Every structure is written in C-alpha cells, then in structure tokens.
Amino acid sequence: NKVPYPEAVRAVPGMRPPAVWLPYNKMGRSGADLALCNASGRFGPFDGQLMVAEFTDAKVSRVFLEKVDGEYQGAAFPFLSGFASGIVRLLFASDGSLLVGMTSRGWSSLGTKSYGLQRVRWNGVAPFAMLAMRARPDGFELTFTEPVGSGADDTGSYSLKSYTYLYSSAYGSDEINIQPLKIRNVVTSEDRLRVRLTVDGLRELHVHELRAPGVTSSSGRPLDHPDAYYTLNRIPKD
C-alpha cells in the first residue's frame, strides 16, 4: 500500500526518518559520496557542513545539520555544478581543497568526460549564499554569508511551501500534499547576517522548500542559489 511518508513513520515502530531529503531533480537525481568540510576556514565559511556528491547532474550539494530534540535534521542547498563527469567520491585534502573523483562509465551524466579528478580551491571570496537554515518554533532563521540588503526585510522576497512523499515499494514518488505557507513576519538582525521568518502552518515530517529571489547582499549581489530545502522532522519547542 502507498501511504504518505509521515503516516508510515508514525505507524511503524522503530522507523527513523532521514535527517535531510534531497528533493529529486531540484537537488539532483543520484546522490553519491559525502564529505565533511573540516578545512579550518580554507574552504570558505562552510566548516562543519556536509558536501554531497551528485552523479547524474555532475555537481556538489551542501547540507547544514542541526539537532532538535536530540535528532539531526537540516537544510540542503545547491552549491557547485559543471563538473567534468559523474561524481562518485569526495575528499578534503590537507590543504583545505576538495578533491572530486568522477566517472561516467556504466551510467550517463551531464558531465561529458568518461572519468576525471578535479580539485576545488577557495579563491578567498565567499559566495553570497544562505549559509544555514535553522528551525524555530514559529518558523525559520536564515544565516547569510554577508549582510543582506533592504529587500530581505520584505515578506514578498520569500516564498515557502511544504510537501512529502509516498512511502511504498515503488521506485520513487512525486511530491504530494503540497501546501503553500504564509510568511507573516520578517525580522533582520542588527548585523544583517540573520533573518527570522515567522511562518504559519509548519508541518513535522515534511520538506519545507524556501525560495528567496528578492534577497540581495547589502552591496547588491544576488544569491548564488536562492533556494533551500529544510527537512522538518521535529518542530523545536523553544
């Protein structure tokens, strides 16, 4: 039988939901290796986050994790794309660079090469990006890599919806129970690095997809990627 994933989690004793969903097509189609960024600042501001290899789309995604009630959950962000082949291995080198191992033998990829090894080094300039997305009892708190401009104060600069998937023996599922969510209020921190969104209708065990196309940095830079995907397994109590 096909049932919505939250129903399956609640009905099956011992079933544990994934800490983070990587929505199909939006975050890739075939995730592969994981690497923890432990570069001590030599790979930008992303220490403590996970880099996720994506084979079919030949790219690397980024995952921020936090603990709520002792369990991990968090947000997935697009990060780097355009690699030469399908990515199967990631490793941070001792100099803080990211080594990316690739092959497209046996499966197709957007990368045109049969195989390869590429090294990603930080050029010293951080992208303007959503660094983190944290759950709050009444919404989310976003942290940015640099101060945000005045557009970040406007609720119209954001949109948010939630959805889940069917749990069954079938291969994959479309997004189901899609629900637009109302952002009631926006509060920006004094240093303008954090934005608090007050949201109506948060749903546990659902993906919460955020779009922030109206947000730019204080210097006018657009976000490298204006989207984020938070897996809200538990709503914090405080």
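As the structure is a computational prediction, the values presented were derived from the model and not from experiment. (Residues numbered from 1 in each chain as written. Predicted model: local features only at pLDDT ≥ 70, side-chain atom pairs only at ≥ 80, totals over all residues. Heavy atoms only, no water.)

What follows is about the overall build of the protein. Broken down by element type, the protein carries one helix and 16 strands. For the protein, whose C-alpha radius of gyration is 18 Å, the value lies close to the compact-globule estimate of 18 Å for 238 residues. Across its three principal axes, the protein shows a C-alpha extent of roughly 50 × 45 × 30 Å. Among the 238 residues that make up the protein, the fraction classed as buried is 47%. Restricting to contacts in the protein with at least 6 residues of sequence separation, those with at least 24 account for 62%. Of the roughly 11,800 Å² of accessible surface on the protein, a fraction of 50% belongs to carbon and sulfur atoms. (Helix = DSSP H or I, 4+ residues; strand = E, 2+ residues; numbered from the N terminus. Rg over C-alpha atoms; globule rule 2.2 N^0.38 Å. Buried < 20%, exposed > 50% of the residue type's maximum accessible area, 1.4 Å probe, protein only. Contact = heavy atoms within 4.5 Å. Areas by Shrake-Rupley, 256 points an atom, 1.4 Å probe, with all protein chains shown as cover.)

On to the sheet that holds strand 15 (residues 206–211). Strand order across the open sheet formed by 11 strands is 2-3-4-5-16-15-11-13-14-10-9, with antiparallel pairing between neighbours. Both edges of this open sheet fall to strand 2 (31–36) and strand 9 (130–136), since each of them pairs with a single strand only. When strand polarity is set aside, the average angle formed by the axes of neighbouring strands in this sheet is 25°. Across four bridges, strand 11 (residues 159–164) lies against strand 13 (residues 176–188) in antiparallel orientation. Residue pairing across strands places Leu 160 opposite Leu 181, the latter belonging to strand 13. (Pairing = 2+ DSSP bridges. Axes fitted to C-alpha atoms, helices over the stretch in contact; angles between N-to-C directions.)

A few words on empty space enclosed by the protein. According to the stated counting rule, one finds one cavity of 30 Å³ or more in the structure shown. Put simply, the largest cavity is a space of about 80 Å³. In terms of lining residues, the largest cavity is bounded by Arg 62, Phe 77, Pro 78, Phe 79, Pro 127, Ala 129, Met 130, Asp 224, His 225 and Asp 227. Considering every element that reaches the lining of the largest cavity, the biggest residue donor is strand 5 (residues 71–80), with three residues. (1 Å grid on protein atoms, 1.4 Å probe; cavity = no way out; pocket = protein on both sides within 12 Å on 5 of 7 lines; lining within 4 Å. Points joined across faces, edges and corners; volume = space filled by probe spheres on them.)

When its volume is computed, the largest pocket comes out at roughly 560 Å³. Around the largest pocket, the lining is made up of 20 residues, and of these Trp 21, Leu 22, Tyr 24, Gly 172 and Ser 173 lie nearest the centre. Tallied by class, residues from the lining of the largest pocket come to 12 nonpolar, six polar and two charged. (Nonpolar A, V, L, I, M, F, W, Y, C, P; charged D, E, K, R; others polar.)

On to the pattern of salt bridges. Pairing between side chains of opposite charge can happen when their charged atoms approach one another. This structure, assessed with the given rule, holds 13 salt bridges. The salt bridge involving Glu 71 is made with Arg 16; its shortest N-O contact spans 2.8 Å. Of this pair, Glu 71 sits in strand 5 while Arg 16 sits in the loop between helix 1 (5–11) and strand 2, and the two are 55 residues apart along the sequence. Residue class for Glu 71 comes out partly exposed when judged on its relative accessible area of 27%. Linking Glu 146 and Arg 221 is a salt bridge whose minimum nitrogen-to-oxygen distance equals 2.5 Å. Placement of the pair is Glu 146 in the loop between strand 10 (139–144) and strand 11 and Arg 221 in the loop between strand 15 and strand 16 (227–232), with a sequence separation of 75 residues. Salt bridges sharing partners connect three or more residues here, namely Lys 26, Glu 175 and Glu 209. (Salt bridge = Lys/Arg side-chain N within 4 Å of Asp/Glu carboxyl O.)

A few words now on the side chain of Asn 233. Tracing the backbone shows Asn 233 in the segment after strand 16. With a relative accessible area of 10%, Asn 233 lands in the buried category. In this structure the side chain of Asn 233 is engaged in a polar contact, spanning 2.9 Å, whose partner is the backbone oxygen of Pro 18. (Polar contact = N/O pair within 3.5 Å; in protein donor to acceptor, adjacent residues only side chain to side chain.)

Our focus in this paragraph is the sheet that holds strand 7 (residues 98–103). The strand order 6-7-8 describes an open sheet built from three strands, whose pairing is antiparallel. Each edge of the open sheet carries a strand with a single partner, namely strand 6 (87–92) and strand 8 (115–120). Direction aside, neighbouring strands of the sheet carry axes that sit 15° apart on average. Relative to strand 7, strand 6 runs antiparallel, the two being bridged by five bridges. Across the sheet, residue Arg 89 finds its bridge partner in strand 7, namely Gly 101.

Any functional reading would require information that these geometric values do not contain.
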